[in-house]
Amino acid sequence: MQKPELLAPAGNMEKLKTAIHYGADAVYLGGRAFGLRNLADNFSVPEMAIALNYCHERGVKVYLTVNSYPHNDALERLEQYLREVAPLPFDAYIVADPGVIDLVREISPERQLHLSTQANTINWRSARFWKRQGVSRVNLARETTLEAIIETVTRSGIETEVFVHGALCISYSGRCLLSSAMAGRDANQGECAHPCRWNYHLVEEQRPGEYFPVVEDEGGTFIFNSRDLCLLEHLPELVRSGAASLKIEGRMKGINYIASVLRVYRQALDEYWADPNGYRCRPEWMDELSKLSHRGYTTGFLFGEPRDVGQEYHSAYIRSHEFVGRVEEVRDGGMAVIGVRNRIRLGDELEFIGPGMRSASLRVEGLTVLDSHGNYETASANPNQLVLMAVPAGIVPFDLIRREKTSASN
Ligand code: SF4
């Protein structure tokens, strides 16, 4: 049995560095086209070269997503793009469309290919088929049960990657036309507007314009709203299944999401690997995940159909904490430069978090804004400002800062 890789999203350079700080073994990123998630910041070709260098120096693998389904009129542009990125030392491309696979084979025959979840592989024969096509890894569809994962690993002989955490589609792993139909944005070209998470009303055919609220609670009703996947409690079964890679979803999510999810899964995976018999899922890990903005958690299809636990009817998001800043630089005398992301005021009780579930709290007693026209004391620092403030011992750059959300929070 191999220790599975922990694979994290990197929607831009800052997210990539955060993922590495919090323990990713590998990251996946997209270019400005053809990688789905076209609404994430993504990477230009020169930025990809910098990212690859940064990751490889730290022993982290990098996969490029080329998993959209291009129409004929996009093929020329795709070819140009693949020729541009061909010299870059990506560890693999993540692909879905057989036409794209064919084109990569022509341009970069030595490139490892990972089959995207968009290709909907749910059985061992499909996995074996892709292996025979020269694909080295399949990311199984989220609709795969644990039993099917085990059988696929055993019978196909191909490396498998499974999603452990993140958003779910209500449709078949993203093969959905809802966004195309309602917002003119094609999910399979990376432009999903997520209409499945909108709030819906009921309209009777003979009364157009009369919207009847269908209310589960004061938040409304989110009839298509899938809960988010969280397989933390089943990590041992997934490791024992022989899956080669555990993947976290979320190239569009913020660095606070990446930090919290990774530090939990990193520690859980390391603890299980070090001592499988003595391992137990710690309550503080689930507490940490519940502090993130999420739509309620589900184990998805791991044990069969999710049925009533798969949808979240009560609200769009649950969030107990808010991200307020990042440690940019640690200075002498217990001081640090903080990049403010959400207003910080004197008297705020802040929590500093780092890898390995490191956490320390502190009450803000002083804030100095670092400004090119001169530094000044303030009672309240605003987003995008750099401030100098006292910090707890042991914090390092890239650690994040959050505070409990109250009704007074902005
Ligand atoms: S609308 Fe929802 S179900 Fe459809 S692709 Fe987008 S996120 Fe997935």
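Residues numbered from 1 in each chain as written. Predicted model: local features only at pLDDT ≥ 70, side-chain atom pairs only at ≥ 80, totals over all residues. Heavy atoms only, no water.

By the naming in an unreviewed UniProt entry, the chain goes by U32 family peptidase and is assigned to Pelotalea chapellei.

Draft legend 1. Representation of the pairing of strand E14 (residues 335-340). The buried count for E14 comes to five of six residues, which makes it a mostly enclosed element. Sheet topology places strand E13 (residues 321-331) next to E14; six bridges connect them, and they run antiparallel. The residue of E14 that forms the bridge with Val 327 is Ile 338. What sits between the antiparallel neighbours E13 and E14 is a turn of three residues, in which Gly 333 has the positive phi angle 75°. In this sheet, strand E21 (residues 386-390) lies alongside E14 in antiparallel orientation, the contact comprising five bridges. Along E21, the bridge assignment pairs Ile 338 with Val 387. (Buried < 20%, exposed > 50% of the residue type's maximum accessible area, 1.4 Å probe, protein only. Helix = DSSP H or I, 4+ residues; strand = E, 2+ residues; numbered from the N terminus. Pairing = 2+ DSSP bridges.)

Draft legend 2. Focus on the environment of Ala 127. Tracing the sequence through the fold places Ala 127 in helix H5 (residues 124-132). Between the alpha carbons of Ala 127 and Tyr 63 there is a distance of 19 Å; along the sequence they are 64 residues apart. If sequence neighbours within four positions are ignored, Ala 127 has contacts with Thr 121, Val 138, Thr 152, Ser 156 and Ile 158. (Contact = heavy atoms within 4.5 Å.)

Draft legend 3. Expanded view of the site of the ligand. Close contacts around the ligand come from Cys 169, Ile 170, Ser 171, Cys 176, Ala 187, Cys 192, His 194, Pro 195, Cys 196 and Arg 197, and that covers them all. Here the residues of the shell around the ligand sort into seven nonpolar, two polar and one charged. (Near = heavy atom within 4 Å. Nonpolar A, V, L, I, M, F, W, Y, C, P; charged D, E, K, R; others polar.)

Draft legend 4. Region of the structure containing the nonpolar core. Leu 16, Leu 29, Leu 82, Tyr 93 and Tyr 265 are the most contacted members of the largest nonpolar core, which has 85 residues in total. Here this core gathers at least three residues from each of two domains, domain 1 (5-170 + 227-297) and domain 2 (321-404). In contact with Leu 16, other than residues within four places in its own chain, are Ala 10, Val 27, Leu 29, Phe 43, Ala 51, Tyr 54 and Cys 55. If you look at the next biggest cluster of nonpolar residues, it comprises 18 residues, including Ile 338, Ile 344, Val 364 and Ala 381. (Core = buried A, V, L, I, M, F, W, Y, C linked by side-chain atoms within 4.5 Å. Domains from an automatic or database assignment.)

Draft legend 5. Geometry of the packing of aromatic side chains. Evaluated as defined, the whole model comprises four aromatic pairs. Aromatic side chains Phe 90 and Tyr 93 sit 6.1 Å apart centroid to centroid with 65° between the ring planes, which places their arrangement in the edge-to-face category. Pair check on accessibility: Phe 90 and Tyr 93 agree, each one buried. Centroid distance Phe 129 to Trp 130: 5.1 Å. Interplanar angle 75°. Geometry classified as edge-to-face. Overall, Trp 130 belongs to the buried group, its relative accessible area being 13%. Positioned above the aromatic ring of Tyr 54, the side-chain terminus of Arg 58 is 3.6 Å from the ring centre. For the cation-ring pair, Lys 247 lies above Tyr 28, with the distance from its terminal atom to the ring centre recorded as 4.3 Å. (Phe/Tyr/Trp six-rings, centres within 6.5 Å; stacked < 30°, edge-to-face > 60°. Lys NZ or Arg CZ within 6 Å of the ring centre and 35° of its normal.)

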